[in-house]
Amino acid sequence: MSGRWIATGICLIVAGFVLARGFISSQQTPLPLYYLSELPGLDFLKGLRATPRFSLLL
């Protein structure tokens, strides 16, 4: 049972990290959030600015 909680926590940390990193790196390389925002139905991700993305990480 605790293994599921640990796996859930790790998945949430990774998801928060991806959201907090942003869309484009300093070397102009598209990051995973860029590709996620291009998927149909996930258009709301384009509206997330740096502060809300970082608060998701916390």
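Residues numbered from 1 in each chain as written. Predicted model: local features only at pLDDT ≥ 70, side-chain atom pairs only at ≥ 80, totals over all residues. Heavy atoms only, no water.

Engineer: Quick rundown of the overall build of the chain? Include the residues and the values.
Structural biologist: Secondary structure summary: the chain contains three helices and zero strands in total. What you see in the chain, going N to C, is helices and strands ordered as α-α-α. The buried share of the chain, reckoned over its 58 residues, is 19%. Long-range pairs, those at least 24 residues apart, make up 32% of the contacts in the chain between residues at least 6 apart in sequence. Carbon and sulfur atoms provide 69% of the accessible area of the chain, an area that totals close to 4,600 Å². (Helix = DSSP H or I, 4+ residues; strand = E, 2+ residues; numbered from the N terminus. Buried < 20%, exposed > 50% of the residue type's maximum accessible area, 1.4 Å probe, protein only. Contact = heavy atoms within 4.5 Å. Areas by Shrake-Rupley, 256 points an atom, 1.4 Å probe, with all protein chains shown as cover.)

Engineer: Could you give an account of a nonpolar patch on the surface, naming the residues involved and the relevant values?
Structural biologist: Taken together, the side chains of Ile 6, Ile 10 and Val 14 present a nonpolar region at the surface, about 290 Å² in accessible area. Tracing the backbone shows Val 14 in helix α1 (residues 2-21). For Val 14, a relative accessible area of 49% corresponds to the partly exposed category. (Patch = residues over 30% accessible without salt bridge, like charges linked within 9 Å, V, L, I, M, F, W, Y side chains within 5 Å. Salt bridge = Lys/Arg side-chain N within 4 Å of Asp/Glu carboxyl O.)

Engineer: Go over α1, please, and point to the residues and values.
Structural biologist: Between its terminal C-alpha atoms α1 stretches 29 Å, which fits the 28 Å expected from 20 residues at 1.5 Å a residue. Positive phi shows up at Gly 22, right after α1, with a value of about 105 degrees. (Expected span 1.5 Å × (residues − 1).)

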